[in-house]
Protein chains: 2
Amino acid sequence: MTPQRVGLHHPRLRPFLAAARNTAPPDEDHVVVEGIWALEKLLAARTPVETFLCCPELVRTPQARRCADALRERAEAAYEIGPKVLSRLSGRARPDGLLALAGLPRRAAGELEFGDRALVLVADGIEYAGNLGTLIRTADACSADCVVLVRRQVRPNHPRVFVASRGTVLGVPLVELPDPASAIAWLGRCGFTVVVAEPGASRDYRAGDLSGPRTAVVVGSEGRGVSSGWYAAPVRRVSIPMLGSADSLNVSVSAALLLYEVLTCRSRRTDGAGARR
Amino acid sequence: MTPQRVGLHHPRLRPFLAAARNTAPPDEDHVVVEGIWALEKLLAARTPVETFLCCPELVRTPQARRCADALRERAEAAYEIGPKVLSRLSGRARPDGLLALAGLPRRAAGELEFGDRALVLVADGIEYAGNLGTLIRTADACSADCVVLVRRQVRPNHPRVFVASRGTVLGVPLVELPDPASAIAWLGRCGFTVVVAEPGASRDYRAGDLSGPRTAVVVGSEGRGVSSGWYAAPVRRVSIPMLGSADSLNVSVSAALLLYEVLTCRSRRTDGAGARR
């Protein structure tokens with residue numbers, strides 16, 4: 001059955017239009033996914049596809065047709081749109097005719113359960129969408145249980161978060177908490193050791209033993225670092241050696257060094273003392 | 001002596017105008033530096049300041065006045081400009097009245113001399129200015145001897161390179177080579193072990209001993225990784241464990257993990273076998 005062709009004023013197109021105008025969609029639990037590459041990431045993720053829009057005039061390759069067929073199958077609702085409508089919804093100079101609205105894997109803190117080797121990345125006050133996306137991509141690579149957004153400045157359904165995360169924002173659970181106090185309380189209840197990356201800390205990140213069973217790595221905003229609220233609890237402050245003229249690293253770089261140090265410590269511990277892995 | 005006030009057609013203003021239009025300045029050995037934060041980085045670096053432009057009507061704080069005084073002293077040539085001229089040259093919505101043209105620390109490969117613990121980052125075909133800047137920032141933090149640009153796609157005097165590098169592009173020597181073959185030949189002559197980050201490599205980056213005296217870390221473009229030319233030589237291929245759904249890390253993240261692994265291996269070696277540092 002061919003899906004119904006709809007115009008720009010159809011209510012299901014509203015979130016697409018809001019995203020195209022770079023205003024927050026009314027519902028921040030969803031993200032607009034555009035283009036074959038991104039939609040193939042969406043098909044591989046388990047997240048629900050709410051609406052699928054296809055402009056058949058622009059679907060030209062067998063790969064695009066296969067992608068469209070799979071999304072029509074998977075989406076709650078599917079519509080056709082004309083090229084003019086598409087041009088209003090697309091963020092691209094040369095759209096390839098496929099757009100979807102998908103659910104982000106957002107979770108309430110209380111919903112999550114953690115195992116013995118839990119790993120959490122806490123992003124405190126991150127300001128740039130590209131950095132947030134890269135943090136999520138690294139958290140995915142480290143198989144982190146979730147990314148916790150504290151004092152959120154960037155909405156996770158921003159198109160640049162999607163691109164920088166390479167689509168992993170569709171798979172990594174996101175938890176939002178308003179401030180360090182609530183994050184500390186929750187992480188404490190769940191038995192996490194909280195490690196804070198802080199350029200001024202005297203302890204080298206490789207010296208602290210990060211092989212504990214549940215570890216949360218906290219990185220702070222690009223301009224101001226982590227907020228002072230984190231120091232109300234007995235967190236483990238660690239620094240990364242800086243041998244040059246700059247006084248800090250990019251936040252995604254800091255996070256990656258710490259997260260991979262946790263993985264390294266854990267595999268070293270598994271393999272026995274002395275050997276590194 | 002008050003500097004001469006000049007108009008938009010003064011020849012010394014040409015490179016500023018080219019940068020403001022986001023076209024390559026004719027001379028890629030220079031970069032436009034704008035704003036107090038950036039100009040303080042410039043004052044701290046050793047690189048020459050060719051031209052300094054000041055719009056006194058917009059210089060309002062004691063910090064800005066001190067910065068302007070120091071730059072007038074340091075620059076080869078200093079001029080005053082009016083607010084209208086400034087608005088044509090500035091990349092900012094609210095310019096703070098200070099602009100400079102500075103030399104980038106570009107070097108010919110043959111000019112550089114390396115010590116026993118040399119460390120070089122090779123950026124092969126990097127496409128995004130933000131990533132190139134972050135790579136340079138990380139190279140600075142690791143006290144790398146230089147960053148080598150192979151198959152360059154982004155000009156190092158792009159404003160976003162400056163911002164992402166946090167101004168370290170003014171201090172880290174940059175070497176440009178056209179292709180992997182010339183880079184391999186040069187690194188080989190200088191006695192470097194060449195380590196290539198490659199998602200498919202079977203050797204874990206932490207398993208390979210990266211404590212050799214001279215190490216070059218090669219990272220490839222965002223879309224396609226390192227070019228095949230690198231495999232014409234006996235390079236050491238290493239991968240970073242990927243435990244999630246994505247098949248690669250952000251290039252700045254990969255580079256940082258490898259560069260810091262080199263530092264870790266070296267300090268472990270210094271401290272004796274068995275102990276990690």
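Residues numbered from 1 in each chain as written. Chains lettered and ligands numbered in written order. Predicted model: local features only at pLDDT ≥ 70, side-chain atom pairs only at ≥ 80, totals over all residues. Heavy atoms only, no water.

A closer look at the packing of aromatic side chains
The criterion, for reference: To pair, rings of Phe, Tyr and Trp, with the six-membered ring standing in for Trp, must have centres within 6.5 Å; the planes then decide the type, stacked if under 30 degrees apart, edge-to-face if over 60, and tilted in the middle. Numbered from the N terminus, helices here are DSSP runs of H or I no shorter than four residues, and strands are runs of E no shorter than two. Each residue gets one of three labels from its accessible area relative to the maximum for its type: buried under 20%, exposed over 50%, partly exposed in between, using a 1.4 Å probe on protein chains only. Sitting over a ring, as applied to charges here, requires NZ of Lys or CZ of Arg to be within 6 Å of the ring centre and within 35 degrees of the ring normal.
According to the stated counting rule, one finds eight aromatic pairs over all chains in the structure shown. Here the aromatic rings of Y205 of chain A and Y260 of chain B are separated by 6.5 Å at their centres, their planes lie at 80°, and the arrangement is edge-to-face. Taken as a pair, Y205 of chain A in the loop between β9 (193-197) and β10 (215-220) and Y260 of chain B in helix α8 (residues 251-271) lie in two separate chains rather than in one. The pair Y205 of chain A / Y260 of chain B is uniform in exposure class, with both members buried. Ring pairs connect the aromatic residues F114, W186 and F192 of chain A, which therefore count as one cluster. Of note, R237 of chain A hangs over the ring of Y231 of chain A, and the distance from its end group to the ring centre comes to 3.8 Å.

Focus on the domain arrangement of chain A
Residue and element names in this part refer to chain A. Basically, it comes down to this: What counts as a domain boundary in this text is fixed by an automatic or database domain assignment. Note on contacts: a residue pair is in contact if any heavy atoms of the two residues lie within 4.5 Å. The term buried area refers to how much accessible surface (probe radius 1.4 Å) is lost by two components on association, counted for both of them together. The working definition used for a salt bridge is a side-chain nitrogen of Lys or Arg within 4 Å of a carboxyl oxygen of Asp or Glu. Whenever a nitrogen or oxygen atom comes within 3.5 Å of another N or O atom, the pair is scored as a polar contact, on the condition that within protein one atom can donate a hydrogen and the other can accept it, and that pairs from neighbouring residues in sequence are kept only if both atoms are in side chains. The classification used treats Ala, Val, Leu, Ile, Met, Phe, Trp, Tyr, Cys and Pro as nonpolar, Asp, Glu, Lys and Arg as charged, and all other residues, Gly among them, as polar.
The domain architecture assigned to chain A consists of domain 1 (11-103) and domain 2 (107-271). The interface of domain 1 with domain 2 comprises 17 residues on the first partner and eight residues on the second. Contact with domain 2 buries surface across domain 1, with E28, V31 and W37 losing the most and accounting together for 46% of the total. The salt bridge involving E28 is made with R152; its shortest N-O contact spans 2.8 Å. Taken together, domain 1 and domain 2 are joined by two residue pairs in polar contact (both at pLDDT 80 or more). At four residues, helix α2 (residues 36-44) tops the list of elements feeding residues into the side of domain 1 that touches domain 2. The class makeup of the residues in the side of domain 1 that touches domain 2 is nine nonpolar, five polar and three charged.

Things to note about the state of the cysteines
As a reminder, the rule being used: Note on disulfides: each one is a pair of cysteine sulfur atoms within 2.5 Å.
Across all of its chains, the model carries zero disulfides over all chains by this definition. Take C54 of chain A: it sits in no disulfide, and the sulfur closest to it among the cysteines is that of C55 of chain A, at 7.0 Å. Looking at C265 of chain B, it has no disulfide partner, and the nearest cysteine sulfur is the one in C142 of chain B, 13 Å off. On the basis of relative accessibility, which here comes to 2%, the residue C265 of chain B falls in the buried class.

Observations regarding the relation of the copies chain B and chain A
Heads up, the rule is: Each copy is superposed on the other by least squares, with the fit set by C-alpha atoms of residues at a pLDDT of at least 70 in both.
With an RMSD of 0.0 Å, chain B superimposes on chain A once it is rotated by 180° and translated 0.0 Å along the axis. Taken together, the rotation and translation describe the operation of a two-fold axis. Identified as the residue of chain B closest to the rotation axis by C-alpha distance is V253 of chain B, at 2.6 Å. An overlap of 100% is found between the interface residues of chain B and their copies at the interface of chain A, pointing to a shared contact surface.

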